[in-house]
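Examination of the molecular architecture
Read off the chains here:
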Amino acid sequence: MRGGVPAELGVGAVGGLIGGLFGGGSGVFYVPTLERLTTLSRPRLHGTATAANTTVMAVGVATFALVGGHLDFHAGLGMLVGASCGGLFGAALLLRASDVVLRWLFVSVLLISVVKLVLDAAGVSVLHGGGVVSTDTAQAWAYVVPISVVCGVLIGAWAAAMGLGGGLLAVPVLMMLFGLDLHTAIGTSLLMFLPNSIIGWIMHARHGTAAARLSVMLNLGALPGTVIGASFALVLNSRVLSGVYACFCLFVAVRELARMRSARSL
């Protein structure tokens, strides 16, 4: 990477800060940043970004647990299992789909999330029990098990293949389909992606689509950044955090739309 070790550790720290604060999403920073500062090919960009998420998830979960954050194992375990399975065949699954369609789906989820988060920040509740289904339904195993596993597979496949956006999909899914509050959804998203990030790193390493040394340096840099990001998420009240999260989702959505427009005009 241009800039040497300081740049590598700095990029890792910023990615960790983003991932710890938002329950993932560090890939939306890693991928374009590595694209500018390295000569890595597109597959190695995404593979390295996936590998760099390992510390973000592990340290983020540990920080949430130690500082007093909440994790929802009811939906989280199903998402964890599904995401782990999705990570095993994510690239093979998504490379068969249209990149344009996938990115439009990603942007759509982000924009829906922005609307919900803005309403939450304003103190307006339009969903019964915080989600699209009742609290009783969201706690029923007949609903939780299949929905959480399927969502985990799809989101895990996306994260493993693309190296970005997994947390930004998982957090709104946990909020809207299972009625979790934002703080709990962020912590649960970090838990969900821990095995996925490890599996993704191993799979990309086996296929030569992750830069080994750079992945390690980014993970080292991410350690302090993740602690700061996760701690910051926990001290913000829910309405302020909702507003910050909405701004970040809107930024990513607009950037994705700009990238798609630029690619279409080439």
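Residues numbered from 1 in each chain as written. Predicted model: local features only at pLDDT ≥ 70, side-chain atom pairs only at ≥ 80, totals over all residues. Heavy atoms only, no water.

Along the backbone of the chain there are 11 helices and 0 strands. On C-alpha atoms alone, the chain measures out to a radius of gyration of 17 Å, which is about the 18 Å that the 2.2 N^0.38 rule sets for 266 residues. Dimensions of the chain, computed from C-alpha atoms along their principal axes, come out at roughly 50 × 40 × 35 Å. Looking at the chain residue by residue over its 266 residues, the buried ones come to 53%. Looking at the chain alone, contacts between residues at least 24 apart form 82% of all its contacts between residues at least 6 apart. When the accessible surface of the chain is summed, it comes to about 11,300 Å², and 72% of that surface belongs to carbon and sulfur atoms. For the chain, the distance from the average position of its 14 positive side-chain charges to the average position of its 8 negative side-chain charges is 13 Å. (Helix = DSSP H or I, 4+ residues; strand = E, 2+ residues; numbered from the N terminus. Rg over C-alpha atoms; globule rule 2.2 N^0.38 Å. Buried < 20%, exposed > 50% of the residue type's maximum accessible area, 1.4 Å probe, protein only. Contact = heavy atoms within 4.5 Å. Areas by Shrake-Rupley, 256 points an atom, 1.4 Å probe, with all protein chains shown as cover. Lys, Arg positive; Asp, Glu negative; His and termini not counted. Charge placed at Lys NZ, Arg CZ, Asp CG, Glu CD.)

Turning our eyes to something else, we now look at the nonpolar core. Core analysis: the biggest nonpolar cluster contains 62 residues, and Tyr 30, Met 79, Ile 155, Leu 168, Phe 178, Leu 182 and Tyr 245 have the highest contact counts within it. Not counting residues within four places of it along the chain, the set of residues in contact with Leu 168 comprises Gly 25, Val 28, Phe 106, Val 109, Leu 110, Tyr 245, Phe 248, Cys 249 and Val 252. (Core = buried A, V, L, I, M, F, W, Y, C linked by side-chain atoms within 4.5 Å.)

Using the criterion set out here, one finds 4 aromatic pairs in the structure. Summarising the aromatic geometry, the rings of Phe 22 and Tyr 245 are spaced 5.1 Å apart at their centres and angled 80° between planes, so their arrangement reads as edge-to-face. Of this pair, Phe 22 sits in helix α1 (residues 4–22) while Tyr 245 sits in helix α11 (residues 238–265), and the two are 223 residues apart along the sequence. For the pair shown, Phe 22 and Tyr 245 are each scored as buried. Centroid distance Tyr 143 to Phe 178: 5.9 Å. Interplanar angle 65°. Geometry classified as edge-to-face. (Phe/Tyr/Trp six-rings, centres within 6.5 Å; stacked < 30°, edge-to-face > 60°.)

Our next topic: helix α8 (residues 166–178). An ideal rise of 1.5 Å per residue puts 18 Å on 13 residues; α8 measures up with 17 Å between its terminal C-alpha atoms. Here α8 lies mainly inside the structure; 12 of its 13 residues are buried. Looking only at α8, the buried set comprises Gly 166, Gly 167, Leu 168, Leu 169, Ala 170, Val 171, Pro 172, Val 173, Leu 174, Met 175, Met 176 and Phe 178. Downstream of α8 by one or two residues, Gly 179 has phi in the positive range, about 70°. (Expected span 1.5 Å × (residues − 1).)

The next subject is the pattern of salt bridges. Counted by the stated rule, this structure contains 3 salt bridges. A salt bridge links Arg 213 to Glu 8; the nearest nitrogen and oxygen atoms lie 2.9 Å apart. Of the two residues, Arg 213 is situated in helix α10 (residues 212–235) and Glu 8 in helix α1; the sequence distance between them amounts to 205 residues. Taking the relative accessible area as the measure of exposure, Glu 8 reaches 3% and is therefore buried. In this structure, Arg 259 and Glu 35 form a salt bridge, with 3.9 Å as the shortest nitrogen-oxygen distance. Here Arg 259, found in helix α11, pairs with Glu 35, found in helix α2 (residues 27–37); they are 224 residues apart in sequence, far enough to count as distant. (Salt bridge = Lys/Arg side-chain N within 4 Å of Asp/Glu carboxyl O.)

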